[in-house]
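Residue-level structure breakdown
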Amino acid sequence: MAKVVTFGEIMLRLAPPLYTRFVQTDLYTALYGGGEANVAVSLANYGVSVKYVTKLPKHEIGQGAVNSLRKFGVCTRHITRGGDRVGIYFLEKGASQRPSKVVYDRANSAIALANREDFNWEEILDGAEYFHFTGITPALKNNLPQICEDALKVCKAKGIIVSCDLNYRKNLWTKQEAGETMAKLMPYVDVCIANEEDAADVFGIHAANTDITSGEINHDGYIDVAKQLIDRFGFKKVAITLRESITASDNNWAAMLTDGTTTVFSKKYPVRIVDRVGGGDSFGAGLIYSMLNNMGMQESLEFAVAASCLKHTIEGDFNLVSVDEVSKLAQGDGSGRVQR
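Residues numbered from 1 in each chain as written. Predicted model: local features only at pLDDT ≥ 70, side-chain atom pairs only at ≥ 80, totals over all residues. Heavy atoms only, no water.

Scanning the protein for helices and strands turns up ten helices and 15 strands. Its C-alpha atoms give the protein principal-axis dimensions of roughly 50 × 45 × 45 Å. Per-residue burial over the protein gives 56% buried out of 340 residues. Intrachain contacts of the protein at a sequence separation of at least 6 include 70% that bridge at least 24 residues. Accessible surface for the protein amounts to roughly 14,700 Å². Of this, 48% is attributable to carbon and sulfur atoms. The protein carries 37 positive and 40 negative side-chain charges, and their two centres are separated by 3 Å. (Helix = DSSP H or I, 4+ residues; strand = E, 2+ residues; numbered from the N terminus. Buried < 20%, exposed > 50% of the residue type's maximum accessible area, 1.4 Å probe, protein only. Contact = heavy atoms within 4.5 Å. Areas by Shrake-Rupley, 256 points an atom, 1.4 Å probe, with all protein chains shown as cover. Lys, Arg positive; Asp, Glu negative; His and termini not counted. Charge placed at Lys NZ, Arg CZ, Asp CG, Glu CD.)

Below, the structure is given as structure tokens:
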């Protein structure tokens, strides 16, 4: 039985090599990734028993997605097979002052057209301790908001801890749609994860005296954002990632965690970015791992931020690091010296 269950869409990722642009490339590298799948792979690499749930076609591209998870030890037994297509996203990696770009081709994917009957949540969640999803999954609309709610009701009945990364995507739904749908799901959530924009975009809660385009972050403003989220939805914990975007190539990366009474901030990492896709997911996975291992709030946050810092240096959606590597960075060994 899996300790952790994650649910969402895994997509085929097509990206030009290095930093070439869509309009100049003749070649695309193919990988797989998606918010909740990324979390599952991270946890499997940490030695956690984890199950990933989605719906994928029976053809070879769908099987490729399944295999991409299996090779890291993620349980795929409850992936429903059916439908005609795997969602695709195209990624053009930015550099310096040129931002990265993502183009989605995911309409009518197998999971987007899934039915409530495709998932037996009583069976899927049997023996689980933790369930994770993101705001991207209900944003696929059709039956997905209700499917998410079905899962969350079973979690509540079984006493399973639930975390949700808000992950607002403007290309999938409007702020109004996101706010209305997510507000119905949040009462089932114990741990809310957000970035500097999500709380504002989804729930209209803004951090005071903060400008994400200039990289100026006000800690007191984010404490207030987290308090408002806790007051509105009753979360047990709120984690907010704090990204200071200097350029597409260089960011400062940190986070905060609060339970409404105690608030902690992590150390700040200057990051030279290789691939930032999956950075938030690696933070979420680090937080889940640390909570499963009963770490204190400060230690939990430092582990999650260090894990995410390392992800920014790795190509692809998946964070391919070990607990030992994350712990060394969290404890201060960030020199990058060759390990012999």
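Now that the structure has been shown, we can carry on.
What follows covers the pairing of strand 2 (residues 11-15). Counted residue by residue, strand 2 has five buried out of five residues, so it is predominantly covered. Here strand 2 shows a buried face lined by Met 11, Arg 13 and Ala 15 and a second buried face lined by Leu 12 and Leu 14. Bridge analysis of strand 2 against strand 3 (residues 29-33) gives five bridges, and the strand direction is antiparallel. Bridging from a neighbouring strand, Met 11 pairs with Gly 33 of strand 3. By the bridge criterion, three bridges tie strand 2 to strand 7 (residues 88-92) in an arrangement that is parallel. Across the sheet, Leu 14 pairs through a bridge with Phe 90, a residue of strand 7. (Pairing = 2+ DSSP bridges.)

Although it is not a glycine, Asn 108 sits at a positive phi angle of roughly 65°. Tracing the backbone shows Asn 108 in the loop between strand 8 (101-105) and helix 3 (121-124). Unusually for a residue other than glycine, Asn 167 sits at a positive phi of about 40°. Counting through the fold element by element, Asn 167 comes out in the loop between strand 10 (161-165) and helix 5 (175-185).

Below, the discussion takes up the packing of aromatic side chains. Applying the stated criterion to the full structure yields twelve aromatic pairs. Between Phe 203 and Phe 233, the ring centres sit 4.8 Å apart and the planes meet at 50°, which makes this aromatic pair tilted. You can see Phe 203 sitting in helix 6 (residues 198-203) and its partner Phe 233 sitting in helix 7 (residues 219-233), a full 30 residues away along the chain. Each member of the pair Phe 203 and Phe 233 is classed as buried. Centroid distance Tyr 289 to Phe 303: 5.1 Å. Interplanar angle 25°. Geometry classified as stacked. (Phe/Tyr/Trp six-rings, centres within 6.5 Å; stacked < 30°, edge-to-face > 60°.)

Between two packed helices, both the angle of their axes relative to each other and the distance between the axes serve to describe the pair. At their nearest, the axes of helix 9 (residues 297-311) and helix 10 (residues 323-330) sit 8 Å apart, and the two run at 110° to each other. Viewed along their axes, helix 9 and helix 10 adopt a mutual orientation that is roughly perpendicular. On helix 10, the residues that touch Glu 302, Phe 303, Ala 306, Ala 307, Cys 309 and Leu 310 of helix 9 are Val 323, Glu 325, Val 326, Ser 327, Leu 329 and Ala 330. Its residues assigned to classes, the contact of helix 9 with helix 10 shows nine nonpolar, one polar and two charged. (Axes fitted to C-alpha atoms, helices over the stretch in contact; angles between N-to-C directions. Parallel < 35°, antiparallel > 145°, perpendicular 65-115°, else oblique. Nonpolar A, V, L, I, M, F, W, Y, C, P; charged D, E, K, R; others polar.)

This part covers the sheet that holds strand 3. What the four strands build is an open sheet, ordered 3-2-7-8; its pairing is mixed. The sheet is open, and its two edges are formed by strand 3 and strand 8, each paired on a single side. The sheet shows a mean angle of 25° between the axes of neighbouring strands, taken without regard to direction.

This part takes up the nonpolar core. Of all hydrophobic cores here, the largest spans 56 residues; its most connected members are Leu 43, Tyr 46, Leu 69, Phe 283 and Leu 287. Top element by residues in this core is helix 9. It accounts for eight residues. Not counting residues within four places of it along the chain, the set of residues in contact with Leu 287 comprises Val 191, Ile 193, Ala 239, Leu 257, Ser 300 and Ala 304. (Core = buried A, V, L, I, M, F, W, Y, C linked by side-chain atoms within 4.5 Å.)

What follows covers the environment of Ile 111. Among the structural elements, Ile 111 can be located in the loop between strand 8 and helix 3. Judged by relative accessible area, Ile 111 falls into the buried class, the value being 1%. Considered as a pair, Ile 111 and Gly 87 are 24 residues apart in the sequence and their alpha carbons are 8.6 Å apart. Residues in contact with Ile 111, not counting those within four places in the same chain, are Phe 7, Gly 8, Glu 9, Thr 54, Lys 55, Phe 119, Leu 140 and Leu 144.

Per the stated rule, a full pass over the model turns up zero disulfides. In this structure Cys 148 is not part of a disulfide, and its nearest cysteine sulfur, from Cys 164, lies 8.3 Å away. Residue classification places Cys 148 among the buried positions, given a relative accessible area of 2%. With no disulfide of its own, Cys 164 lies closest to Cys 192 among cysteine sulfurs, the gap being 6.3 Å. (Disulfide = S-S within 2.5 Å.)

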